[in-house]
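Now for the letters of each chain:
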Amino acid sequence: MSIAGQLNPPTRLLLGPGPSDVHPRVLTAMATPLLGHLDPQFLVLMNETQDMLRQAFRTSNQLTFPVSATGMAGMETCVVNLVEPGDKIVVCVKGFFGGRIVEVAERAGADITRLDCPWGQVFNLDAIRDTLKKVRPKVLAIVQAETSTGAWQPIQELGKLCHEHDALLLVDSVTALGCVPLEVDAWEIDAVYSCTQKGLSCPPGLSPVTFSPRAVEAIAKRKTKVQSWYLDVTMVQRYWGADRFYHHTAPITMIYALREGLRIVLEEGLEARWQRHLRNHRALKAGLEAMGLEYSAAAGHQLPQLNAVKIPAGVDDLKARGQLLTEFGIEVGGGLGDFKGKVWRIGLMGHNSRPNCVVQVLAALEHCLLKQGCKVQPGAGVAAANKVYAA
Ligand SMILES: *Cc1c(COP(=O)(O)O)cnc(C)c1O
């Protein structure tokens, strides 16, 4: 029998698809002593967290809270509360996470219509309108920021379109919140889920969700109970709402983290934050392209916070990423699903959307590409990024 050594993880720069690095202020908040989860002082912190979450989501939805689990639990919460067995759902699939929604909806017994578009592309409104007309679903689900491909789905018009066809709009904003515009009320979105470990620069562990009054009404009209006890929002709401009725023990430390993460987001201001993400993306993109790398998402629809690029021919995916990790302490993501072995995913999320992350990853990547025999002009990537910053 032996006792493991003291915890001493190596220093990393987390530039993959998440988790991203935790903001130092969040780490400090997490080292704060616990309160009881029904302590009047903790209830104040819960209210403040909910209030700031509404601001980050740009909503006045009463039913807004963080699910006590990661983004996938947010997905499941939205799906199982909105659909009853036999209900029709249209799921738009343009990558790995759209496929996940299909899997969750299958288990919820939904009657699924799957709408596909090629990986790296986004859906246009016409295809969705036709399907809504034909299928008349209760719910339409779509991913705003498809983390597997780096594609940025426009969703501004979708809520209105869904409502014209009496459908609810469900949006996956796991990689979007805190990075790119998301206007839950103005865009008429009925249910949204996100996470803490990507754009909010907190650890993984919570999934913020919000439901519109329309969605709440649909949930109230259910004929069957939500099959998941833990994720039934009508019960969780009694804890997060005025009743403060015990449902489960809130992960206190994670609520501290989210509260601090949201304070940081709102202090910066959402618009300024979105602009910062765009600026650093432009610099990274200029640098990657100067090194001969090509984006895998369609032009005009590339996410600033998730840069998916094709791995150049002849380059060993695992070797290159391994070298980035061990020699430079930089983590970038490999491909998922159809893109496995074909793309690298470089995240510039939240706190990590900074010039020094951009310059570091470009310089380190150049080193690894040269090592693999790629013809990269030394210094070209960093120079191209600097040019964007100088402009
Ligand atoms: C990361 C991610 C999820 C899953 O979130 P977890 O926190 O890993 O459970 C769902 N959807 C998208 C688009 C994601 O990027």
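In every chain, residue numbers begin from 1 and rise along the written sequence. Only residues with pLDDT of at least 70 get local features here, since the model is predicted, and only at 80 or more are side-chain atom pairs given and counted; chain-wide, interface and lining totals rely on the full set of residues. Excluded from the side-chain calculation are hydrogens and water; included are all heavy atoms of the structure.

(A) Seen up close, the overall build of the protein chain. Secondary structure summary: the protein chain contains 13 helices and 13 strands in total. We compute the radius of gyration over the C-alpha atoms and compare it with the globule rule, which gives 2.2 Å times the number of residues raised to the power 0.38. Taking 391 residues into account, the globule formula puts the C-alpha radius of gyration at 21 Å, and the protein chain, at 21 Å, falls close to it. Going through the 391 residues of the protein chain one by one, you find that 57% of them count as buried. Contacts are residue-level and defined by heavy atoms, with any inter-residue pair within 4.5 Å sufficient. If you take every contact in the protein chain between residues at least 6 apart in sequence, the share linking residues at least 24 apart comes to 72%. Surface exposure here means Shrake-Rupley accessible area, sampled with a 1.4 Å probe, where a residue is shielded only by the protein chains that are shown. Surface summary for the protein chain: the accessible area is close to 16,500 Å², and the carbon and sulfur share equals 55%. When charges are counted, Lys and Arg are positive and Asp and Glu negative, with His and the chain ends excluded. Taken as the charge location is NZ of Lys, CZ of Arg, CG of Asp or CD of Glu. One finds the centroid of the 40 positive side-chain charges in the protein chain at a distance of 3 Å from the centroid of its 37 negative side-chain charges. Numbering of helices and strands runs from the N terminus, with a helix taken as a DSSP run of H or I at least four residues long and a strand as a DSSP run of E at least two residues long. Three labels apply to residues, based on accessible area from a 1.4 Å probe with only protein chains included: buried if under 20% of the type maximum, exposed if over 50%, partly exposed otherwise in between.

(B) Highlighting the packing of aromatic side chains. Only centres within 6.5 Å qualify two rings of Phe, Tyr or Trp (six-membered ring in Trp) as a pair; their planes then separate them into stacked at under 30 degrees, edge-to-face at over 60, and tilted for everything else. All chains considered together, the criterion is met by 4 aromatic pairs. Ring-over charges, as used throughout, are those where CZ of Arg or NZ of Lys falls within 6 Å of the ring centre and within 35 degrees of the ring normal. For lysine 198, the ring lying beneath its charged end belongs to phenylalanine 97, and the centroid distance is 5.6 Å. Geometry around phenylalanine 245 places arginine 238 over its ring, the cationic atom sitting 4.0 Å from the centre.

(C) Geometry of the state of the cysteines. We call a pair of cysteine sulfur atoms a disulfide whenever their separation is within 2.5 Å. Evaluation of the coordinates by the stated rule reveals 0 disulfides. Cysteine 92 supplies the cysteine sulfur nearest to cysteine 117, a cysteine that is in no disulfide, at a spacing of 8.4 Å. With no disulfide of its own, cysteine 368 has cysteine 374 as its nearest cysteine by sulfur position, at a separation of 10 Å. For cysteine 368, a relative accessible area of 1% puts it in the buried group.

(D) Fine view of the nonpolar core. Take the buried Ala, Val, Leu, Ile, Met, Phe, Trp, Tyr and Cys residues and link them wherever side-chain atoms come within 4.5 Å; each set so joined is a nonpolar core. Counting 87 residues, the largest nonpolar core has Ile128 and Phe211 as its most contacted members. For this core, the element with the most residues is helix H9 (residues 252-268), which contributes 9 residues. By size, the runner-up hydrophobic cluster in this structure holds 30 residues, among which are Leu15, Ile346, Val361 and Leu369.

(E) The arrangement of unusual backbone geometry in detail. Cis rather than trans, the peptide bond between glycine 18 and proline 19 has omega equal to 5 degrees. The topology assignment puts proline 19 in the loop between strand S1 (13-14) and helix H1 (24-30). Despite not being glycine, serine 201 shows a phi value in the positive range, around 55 degrees. With respect to the helices and strands, serine 201 occurs in the loop between strand S9 (191-193) and strand S10 (207-211). In this structure serine 201 comes out as buried when scored by relative accessible area, which is 2%.

(F) Region of interest: the site of the ligand. Proximity is defined per residue: if any heavy atom of the residue lies within 4 Å of a molecule or strand, that residue is considered near it. Taken together, Thr70, Gly71, Met72, Phe97, Val143, Ala145, Thr147, Asp172, Val174, Thr175, Gln197 and Lys198 make up the full set of residues near the ligand. Pairing of N or O atoms within 3.5 Å defines a polar contact, subject to two protein rules: one partner must be a possible hydrogen donor and the other a possible acceptor, and residues neighboring in sequence count only if both atoms are side-chain atoms. Within the contact set of the ligand, an oxygen atom lies 2.9 Å away from a backbone nitrogen or oxygen of glycine 71. Threonine 147 places a side-chain nitrogen or oxygen 2.3 Å from an oxygen atom of the ligand. The cavity where the ligand resides is the second largest pocket. In terms of residue class, the shell around the ligand is built from 5 nonpolar, 5 polar and 2 charged. Every definition here rests on a 1 Å grid over the protein atoms only: cavities are sets of points where a 1.4 Å probe fits but cannot get out, pockets are open sets enclosed by protein on both sides within 12 Å along at least five of seven lines, and lining residues have some atom within 4 Å of a point. A cavity or pocket is said to hold a molecule if more than half of that molecule's atoms lie within 2 Å of its grid points. Nonpolar residues are Ala, Val, Leu, Ile, Met, Phe, Trp, Tyr, Cys and Pro. Charged residues are Asp, Glu, Lys and Arg, and all others, Gly as well, are polar.

(G) Broad picture of the domain arrangement of the protein chain. Bear in mind that the domain bounds are from an automatic or database domain assignment. Taken domain by domain, the protein chain holds domain 1 (24-267) and domain 2 (269-390). With 34 residues of domain 1 at the interface, the matching set in domain 2 holds 24 residues. Buried area between domain 1 and domain 2, both sides added, is near 2,400 Å², and the carbon and sulfur share of it is 64%. Of all residues in domain 1, Trp119, Trp152 and Cys179 bury the most surface against domain 2, accounting for 23% of the area lost on that side. One side-chain nitrogen of Lys or Arg within 4 Å of one carboxyl oxygen of Asp or Glu is enough to make a salt bridge. Between the two partners, domain 1 and domain 2, sit 1 salt bridge. Across the pair glutamate 271 and arginine 58 runs a salt bridge, and its minimum N-O distance is 3.1 Å. Inspection of the region where domain 1 meets domain 2 yields 15 residue pairs in polar contact (both at pLDDT 80 or more). Taken together, the elements giving at least two residues each to the side of domain 1 that touches domain 2 come down to helix H2 (40-57), helix H4 (96-107), strand S6 (145-146), strand S7 (151-152) and H9. Examining the composition of the side of domain 1 that touches domain 2, we find that 3 residues originate from one element, H9, more than from any other. Residues belonging to the side of domain 1 that touches domain 2 are distributed by class as follows: 18 nonpolar, 11 polar and 5 charged. A simple way to read buried area is as the amount of 1.4 Å-probe accessible surface that goes missing from two parts once joined, with both sides added.

(H) Fine view of the pairing of S10. Taken across its 5 residues, S10 has 5 buried, putting it largely inside the fold. Burial of S10 is two-sided: the residues Ser207, Val209 and Phe211 facing one way and the residues Pro208 and Thr210 facing the other way are all buried.

(I) Molecular detail of helix H11 (residues 317-328). With 12 residues, H11 ought to run about 16 Å at 1.5 Å a step, and its terminal C-alpha atoms sit 16 Å apart, in line with that. Where H11 is concerned, the buried positions are Asp317, Ala320, Gln323 and Leu324. Down the axis of H11, the sector holding all buried residues measures 145 degrees, keeping them to one side. In H11, the exposed positions angled more than 90 degrees off the buried face are occupied by Leu318, Lys319 and Thr326. For H11, the elements touching its buried residues are strand S12 (330-331), strand S13 (343-347) and helix H12 (355-371). Where H11 starts, the residue carrying a side-chain oxygen 3.1 Å from the main-chain nitrogen of leucine 318 turns out to be aspartate 316. Glycine 329, located one to two residues past H11, shows a positive phi value of around 65 degrees. Expected helix span is given by 1.5 Å per residue-to-residue step, counting one fewer step than there are residues. By arc we mean the arc of the directions from the helix axis to the C-beta atoms, nothing more.

(J) Fine view of empty space enclosed by the protein. Grid points are joined across faces, edges and corners, and a volume is the space filled by probe spheres set on the points. Inspection of the entire model under this criterion finds 2 cavities of 30 Å³ or more. Reported here for the largest cavity is a volume of approximately 60 Å³. Taken together, Phe65, Val67, Ser68, Thr77, Tyr230, Leu231, Val233, Val236 and His248 form the lining of the largest cavity. For the lining of the largest cavity, the secondary structure elements donating two or more residues are strand S2 (63-67) and helix H8 (233-240).

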